[in-house]
There are 8 protein chains.
Amino acid sequence: MELDEVTISRAIVAEQSRILLEYLDVDVAVVGGGPSGLTCAALCAEKGVKTALIERKLSVGGGMWGGGMMFPRIVVQEEARRLLDRFGIASSEYAPGYYLASSVESVAKLTAAACNAGVEFFTLVSVEDVVMKGDGRVGGLVINWTPVEMTGMHVDPLTLACRYTVDATGHDAMIAHMIAHKGGDLPIRGERFMWADRAEAQIVGHTAEVFPGLVVTGMAANAVAGEYRMGPIFGGMLLSGEQAARVVLDGLGR
Amino acid sequence: MELDEVTISRAIVAEQSRILLEYLDVDVAVVGGGPSGLTCAALCAEKGVKTALIERKLSVGGGMWGGGMMFPRIVVQEEARRLLDRFGIASSEYAPGYYLASSVESVAKLTAAACNAGVEFFTLVSVEDVVMKGDGRVGGLVINWTPVEMTGMHVDPLTLACRYTVDATGHDAMIAHMIAHKGGDLPIRGERFMWADRAEAQIVGHTAEVFPGLVVTGMAANAVAGEYRMGPIFGGMLLSGEQAARVVLDGLGR
Amino acid sequence: MELDEVTISRAIVAEQSRILLEYLDVDVAVVGGGPSGLTCAALCAEKGVKTALIERKLSVGGGMWGGGMMFPRIVVQEEARRLLDRFGIASSEYAPGYYLASSVESVAKLTAAACNAGVEFFTLVSVEDVVMKGDGRVGGLVINWTPVEMTGMHVDPLTLACRYTVDATGHDAMIAHMIAHKGGDLPIRGERFMWADRAEAQIVGHTAEVFPGLVVTGMAANAVAGEYRMGPIFGGMLLSGEQAARVVLDGLGR
Amino acid sequence: MELDEVTISRAIVAEQSRILLEYLDVDVAVVGGGPSGLTCAALCAEKGVKTALIERKLSVGGGMWGGGMMFPRIVVQEEARRLLDRFGIASSEYAPGYYLASSVESVAKLTAAACNAGVEFFTLVSVEDVVMKGDGRVGGLVINWTPVEMTGMHVDPLTLACRYTVDATGHDAMIAHMIAHKGGDLPIRGERFMWADRAEAQIVGHTAEVFPGLVVTGMAANAVAGEYRMGPIFGGMLLSGEQAARVVLDGLGR
Amino acid sequence: MELDEVTISRAIVAEQSRILLEYLDVDVAVVGGGPSGLTCAALCAEKGVKTALIERKLSVGGGMWGGGMMFPRIVVQEEARRLLDRFGIASSEYAPGYYLASSVESVAKLTAAACNAGVEFFTLVSVEDVVMKGDGRVGGLVINWTPVEMTGMHVDPLTLACRYTVDATGHDAMIAHMIAHKGGDLPIRGERFMWADRAEAQIVGHTAEVFPGLVVTGMAANAVAGEYRMGPIFGGMLLSGEQAARVVLDGLGR
Amino acid sequence: MELDEVTISRAIVAEQSRILLEYLDVDVAVVGGGPSGLTCAALCAEKGVKTALIERKLSVGGGMWGGGMMFPRIVVQEEARRLLDRFGIASSEYAPGYYLASSVESVAKLTAAACNAGVEFFTLVSVEDVVMKGDGRVGGLVINWTPVEMTGMHVDPLTLACRYTVDATGHDAMIAHMIAHKGGDLPIRGERFMWADRAEAQIVGHTAEVFPGLVVTGMAANAVAGEYRMGPIFGGMLLSGEQAARVVLDGLGR
Amino acid sequence: MELDEVTISRAIVAEQSRILLEYLDVDVAVVGGGPSGLTCAALCAEKGVKTALIERKLSVGGGMWGGGMMFPRIVVQEEARRLLDRFGIASSEYAPGYYLASSVESVAKLTAAACNAGVEFFTLVSVEDVVMKGDGRVGGLVINWTPVEMTGMHVDPLTLACRYTVDATGHDAMIAHMIAHKGGDLPIRGERFMWADRAEAQIVGHTAEVFPGLVVTGMAANAVAGEYRMGPIFGGMLLSGEQAARVVLDGLGR
Amino acid sequence: MELDEVTISRAIVAEQSRILLEYLDVDVAVVGGGPSGLTCAALCAEKGVKTALIERKLSVGGGMWGGGMMFPRIVVQEEARRLLDRFGIASSEYAPGYYLASSVESVAKLTAAACNAGVEFFTLVSVEDVVMKGDGRVGGLVINWTPVEMTGMHVDPLTLACRYTVDATGHDAMIAHMIAHKGGDLPIRGERFMWADRAEAQIVGHTAEVFPGLVVTGMAANAVAGEYRMGPIFGGMLLSGEQAARVVLDGLGR
């Protein structure tokens, strides 16, 4: 068989157009592909929910790649270790209750799990705004290519409809801020100083539907709640992603 | 148990320092974490070879994340499909002999395989130069932090010793160019126009030890050989990574 | 009828995907949407040739918008005036043989004519390389999104096949330079000083198939031929576009 | 005839100086060359009103070139289709009530219509401020070259007098903001979330003289009114441009 | 003996990792290596207090290197001259009560004194946040590499515990601002106009524990107190550093 | 009288358009408004020659404003002192044969003299190319706005005809380099090390018509001749400007 | 005589150091070298007042160089024409009461007049802050090199004492804003829309000592007063400079 | 005593002007304040030689501050340890023959030693060119402020005369390259790969007067000689600085 450049290009365009058309209307749109977003997306999709993960960068994984100060290791506490095991991420005990894992392995295995569950990824896509109608519920996202946004070009966006939006954008809580900024009733208290213990203890409780149709998870949950900042520890992130999936699945009646 | 910020930090620093000290002397250093580098590293490590993968960016995966023109799909031809299967990457046939896979899944599963095999990753690390002594063999790499390099700060590098270096840096063939630039006898012919069929057909043959201690793989192999450029197809990359592993393992007598 | 955001998005994605798939294989690909490229594309398409115009910027028109030093007027000499008339562009005589027209009107009407003739436009698309096989003929273009290129992101391109490529990229003669740079036998002499009369007189003669499958037009033709530079006058550009169309139509046997 | 560079330059300078001097005092100055601005300008000029269109970029067309996420297609709803027909823009029905058109053709034909009607274009010109005197009516615009503004050079502006100013600057509603910023009584409510149906339904009503001498149109009208944001649909833009022309013509007693 | 690159690298990594692990928990963390920070750190360490100095730049010395308008000389008044003598910095009298010293010598000798006293330096390290728990006391610093921060990379920080933090960051009073910004009860009045005499007279009095666990010194002390700005004179800086050391030593019961 | 903004704008546009049209054809075009260019232009215009001075920056004066290392004083040797006197620039003797003057005064008075003589200034105008025809003589300049060039916008230039061009662009010898770069027979030797005495002694001799229609002056003359570099002394610059005027006047038969 | 590089350097350093030492204490410091600053400085110095003009750029002249939209002409009304005559600037009548002059000539002759009067210029010097003591009067300026400020280097400033400061910094009214920003009782109303007639009529009245020791002139005067913006007309600037000189001279009892 | 801002400023200006005038003519100018430059300068000045050290940055110390990959430790081999001792720098043995020291302490103590010996520092000063006359010997340096150079401002330099120039600019060997670039007979072979042992062994031998009046030291010596690159080890640097001092002292007959 002789390989043909145009057939290769057609394969890519045809497949991704088909998927894009199919995924312009989903059950859940998770915004942000860090540890809590990946966990939430994987657990939703495992239950058969049609799930899109939207990531503004070229790669998913977020702050997990860099570990602490570029030392690519992460720490997870006792309660979250079962999630490492669930995703097949190797860990070793450093001190009682503190488990070490590789940053790179953690990202790879979480992402692989999401793929296996059927999550569809839209990388290099930024969210510009939300769709909200008379019912006052977040019903969709206004999206554009990240490189278009970075170059400041004047190109209009498209829209994607979703029954639930999960804000997994970290400290910035970007979707929550869009709503607050345009007058939606969603007070954002802002993250406080670092206090790892308290932050980890509270994060699952703050993971909730904070506005009709909008669930916050991970650092975004703490930022909205005005909670303390976490240390370089990722257990709460995974647990919060799990909780976000639970909230969404309940809402969808699964 | 109350979580303590300093214990978390100590865990990360202690573990990564230990690994860094251990990996300042390795069997193989693969430079570049794209598809051919990941494949090569995974297959070397599976044979028990002490393998470090050095990546200048925060995340591995290289050009595979973006698919073709940001449509995150890749195409693989018949001959390479068994490697997709080996790494557990799902694929579907688009036309006879052309298989489609997800970009994100491909990166995640290749990386997971490398982790499982025991590859150690050094991300955000750039190679500045090579170590070469009187025996005229590449014997190590001169490395620095990528953010240091990007900000142009005057900070000296460290060195890492290795028995084999694999240049998996893509078009740029960066390690090969360092050697050519400083007068090593390594003519670099430069990549030619695109001709997918020919490029794919030749790439395994061009994957070789082109200088004592230096193996080139993936697009770097074609760039050194003056071969044609590939289309947006990744089969040859995987096969070339497999071949690079074979060359290294032979050299090490495994 | 209630307007639905997702239907609007689907309409756009479905239509443009269809067109993109159809136009990954064309008769003529004109690179550059300045006056000579637009003229050439319009005249080819009028004869039923399947024509794609690839423009790296957001808008077509090139240097014609800005007139001379931001005074948005252009000058056309006697010989080319019939082309202004053909495209419905109003003009007035300034001095015997010198006709003035509006820059904005000239761009708008040339573009409208190309649309009417059936040219398909691919804006914000850059050409990275050409496809060339054993027959030594330019057989396709390697393309990518301009914003991807501008942000330096690592995203692979796609390919578009074409029987003829028209280099209408102006002074830079970008396609011609790609071929020369990778060793194709295409000497580029480079534009000389300004000498309007001579440049205008010679440009039609230099518009030719300078490499198998590659026709140069407009300022690119003079740049390859080592001809003089034109003054702020656009007659030769239009005539050269007309000549390029003739060369292509002949080659295609129309 | 031998072409002479200086005659060409003189033709351009003489013609544009004449026009600039003539157009330093106009009936209507439309600021912004996107779809609503072009429509408004074309319809005013068709009635014999002396109309200047001021555009800060090199080319007119605004956000229409890029379609939705760089897929160069636009959608227009039933009510606005007659305007596509009026300007000779081809369209096809995608779903009942949703019509597709080419982005490039839409810009070209709208612009050509404005040229035919006698609109005079001032591209690469930015508005720095407005002229307002004791009568509290916007009576002119303070203008400068865009490249001067971009390079931050200290060069003073000129002024252009006009009986009506049309703010067609999109989301930013730049002229309205200048007035609000300097204490004029013009509350700007700011655009809300996206809700295509409602935004389209209301835009014509919001197109009005919001301050003595200042008419807002297109997205600027919705931004001032605190109305919802449109989807990637252009019907309302065209209808709003038509309405803006009606308001101006009424004001001028035409 | 033959020098080995890897042994050299191992020596550096092993030593600094050991020190970093040891210094993740200190008595005093001085933030900022200008004259007041260096003085404070030196005097604390001389008393056997475990002291870390954190500096965001590659070199310590701060504004002292540049003298006044790049003339590398500093002036010190009578009261502070004994500190110059204590650190071995040569000075000469310019006018009664005004002593001149070399900028370069002043930095070198202050730094040498801090080294001799046992201060440990962490250069190229930025403070991102503070650790604060239920007791409402600053108990640690959240740190990251400066080049990471400069390149805007998404890499998580580590934490360092300390019993006292000294804010010696100059005008910006960065640590104090972090606390004020996140709602800590620490009003910052901001530096006033320049009035050298008054500023110098008051600075020692403003050097104090302004928040539990946080001592301000040097220009940061005046900035928090709303005091006047100093002239290009460094006596007060040194005296303030001495006073900060006194406050810390008292707090630690030394 | 009530001041009217539009009358003010019209006055400026009408006057400068008139001058621009008149000066698109001149006797001498001096490129660069530093000391040698100003001197040459002033002395040519004093003899009734139609002279345009083209300066790429907003202000004329060049390197003279900054004196030596921002100390705004210049030094002139004995031979050139009569030129200071001629232009009314005050000077004082520092050492035998070395005269000091104010940088600011020198620029102001040289410029004032050029204005009095009738030189017309075109500031913010860059030279892109030269006009050269079959006779092989530089016959004109291809000019554009500097801000257009700085922003990289695609705007075409205009042309200005001249009987003589004086390259007074300093070290860069920009016009000479344009000719050399496009194959004109004009070898440029490049400036050598600094040797003030020799450079000053030779500069008048190197001021000459180095190519038909092109006279070099000031540092451009030494750069073309491969002569030594001057110290921070301006006598030779003034003498060279005077000599350039002589060469031009001779050429024009005045 | 053989020219010696070191003697030249010594002459410059010795002279400017002498002047700098002498001018660290002046009667009047005029900040900003535009038309009103130059006029004020010239008229003060003519009366024997020790006057320093501080300009942040390399050249003086401000916005006057660029005329209106890069057309280098200025307009002056009847009342101010006598000031053009006083400084020897040629003018011609365009319409009754509107006089045209060359931008370049206006700058050169105003500057020459200031030099003749004995003004000392400090170019490339920026004002960072003011000196203000218990008497609540602006008594000096805190200055630094502009290139230091532009590169963000950490270099401390020096101080210059003055009995009067004239803020001639244009729209920005920089000195007035420094005082307002640090809590001085100086309300700044901000410039309003453009209304040339009214702005010109009021500017002399607004030129006043607005804070003990601080006189505002030119556009800074209108900006502080909340007055209308001027058109591209410079008469008011010159008259305001004259008035500022009067205020200062009165204050100094001359 | 009441502190006066102007007296402080005068003290600084007067002192540094005096020193600058005195040091415009020196015995030795060391360019570059890294370890070899500091050592050389200190040892020259200790013998009573008038020595200036010119450093382009704000601080001296060069690459020594950053240790290896931001781990602020340096390694020194046996032979060079006596120099650490001589300058009072503490060290500890890591492995036989490998001694560790603190980066910060090393810079501080080397600099303090140079100050004690009487070296005069000119920081923020860049070398633009050299002075060379008929005798073909480097006789001086053409210097400018670094911030002026960084901002690309057009400001002329000053000159400093010296009997010997020491190029201690590291890899770049900047002074040597200036001479080679302008045609001086000084072949520069360029640094080769890293081979710590060989590089250290040869560096003292390559420290020599490579051109009349120019001595190279440190990495510049190896770069000129085409020698191997050093590892992150500083012994050779110190020994080379010592050797450079010996060469200069011999040349001066001390």
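Keep in mind that what you see is a predicted model, and the values were worked out from it rather than measured.

Engineer: Would you explain the interface of chain H and chain E in this entry?
Structural biologist: Note on interface size: it is often stated as the accessible area lost on association of the parts. Of the residues lining the interface, 55 residues belong to chain H; the matching set on chain E comes to 55 residues. Counting each side, the surface lost to burial between chain H and chain E is near 5,200 Å², with a carbon and sulfur contribution of 75%. Taken together, chain H and chain E are joined by two salt bridges. Glu120 of chain E is paired through a salt bridge with Arg73 of chain H; the nearest N and O atoms lie 2.1 Å apart. Counting across the interface, chain H meets chain E through 13 residue pairs in polar contact (both at pLDDT 80 or more). Of all elements in the fold, only helix H1 (5-22), strand S3 (73-77), strand S4 (92-95), strand S5 (98-102), helix H4 (103-117), strand S6 (120-123) and helix H7 (196-206) of chain H reach the threshold of two or more residues within the side of chain H that touches chain E. Here the side of chain H that touches chain E takes twelve residues from H1 of chain H, the largest share from any one element. The class makeup of the residues in the side of chain H that touches chain E is 33 nonpolar, eleven polar and eleven charged.

Engineer: Looking at this model, I keep getting lost on the sheet that holds S5 of chain H. Mind explaining?
Structural biologist: Hydrogen bonding along the main chain pairs the strands of a sheet, whether they run parallel or antiparallel. All names here are of chain H. Read from one edge to the other, the open sheet built from three strands follows the order S3-S5-S4, with strand pairing classed as antiparallel. Taken across any chain shown, the strands that pair with only one partner, and hence form the sheet edges, are S3 and S4. Taking the axes of each pair of neighbouring strands and ignoring which way they run, one obtains an average angle of 40° across the sheet. The sheet contact formed by S3 and S5 spans five bridges and is antiparallel. In the sheet register, Gln77 faces S5, and the bridge partner there is Tyr98. Each of S3 and S5 is contacted by H4, which is oriented at about 75° to S5, the strand it contacts most.

Engineer: Can you walk me through the relation of the copies chain H and chain E in this structure?
Structural biologist: A rotation about an axis combined with a shift along that same axis relates the two copies of the chain. Once turned by 180° and shifted 0.0 Å along the axis, chain H lies on chain E with an RMSD of 0.0 Å. With respect to symmetry, the two chain copies, as superposed, fit the operation of a two-fold axis. Taking C-alpha positions as reference, the residue of chain H nearest the rotation axis is Ala108 of chain H, located at 2.3 Å. Of all interface residues in chain H, 100% are interface residues in chain E too; the two copies therefore contact each other through one and the same surface.

Engineer: Quick question: what am I supposed to make of the interface of chain A and chain D here?
Structural biologist: Counting from both sides, the interface comprises 23 residues of chain A and, opposite them, 18 residues of chain D. Summed over both partners, the interface of chain A with chain D comes to about 1,900 Å²; 66% of that surface belongs to carbon and sulfur atoms. Among the residues chain A hides against chain D, the three largest losses belong to His154, Asp156 and Lys182 of chain A. Together they make up 31% of the total. Between Arg229 of chain D and Asp129 of chain A there is a salt bridge, with its nearest N and O atoms 3.2 Å apart. Counting across the chain A and chain D interface gives seven residue pairs in polar contact (both at pLDDT 80 or more). Elements with a contribution of two residues or more to the side of chain A that touches chain D: strand S7 (125-132), strand S8 (138-145), strand S9 (158-167) and helix H6 (174-181) of chain A. A per-class count over the side of chain A that touches chain D returns 13 nonpolar, five polar and five charged.

Reading guide: rules and limits
Residues numbered from 1 in each chain as written. Chains lettered and ligands numbered in written order. Predicted model: local features only at pLDDT ≥ 70, side-chain atom pairs only at ≥ 80, totals over all residues. Heavy atoms only, no water. Contact = heavy atoms within 4.5 Å. Buried area = accessible area lost by both parts, 1.4 Å probe. Salt bridge = Lys/Arg side-chain N within 4 Å of Asp/Glu carboxyl O. Polar contact = N/O pair within 3.5 Å; in protein donor to acceptor, adjacent residues only side chain to side chain. Helix = DSSP H or I, 4+ residues; strand = E, 2+ residues; numbered from the N terminus. Nonpolar A, V, L, I, M, F, W, Y, C, P; charged D, E, K, R; others polar. Pairing = 2+ DSSP bridges. Axes fitted to C-alpha atoms, helices over the stretch in contact; angles between N-to-C directions. Least-squares fit on C-alpha atoms with pLDDT ≥ 70 in both.

Just distances and angles here, no functional claims.
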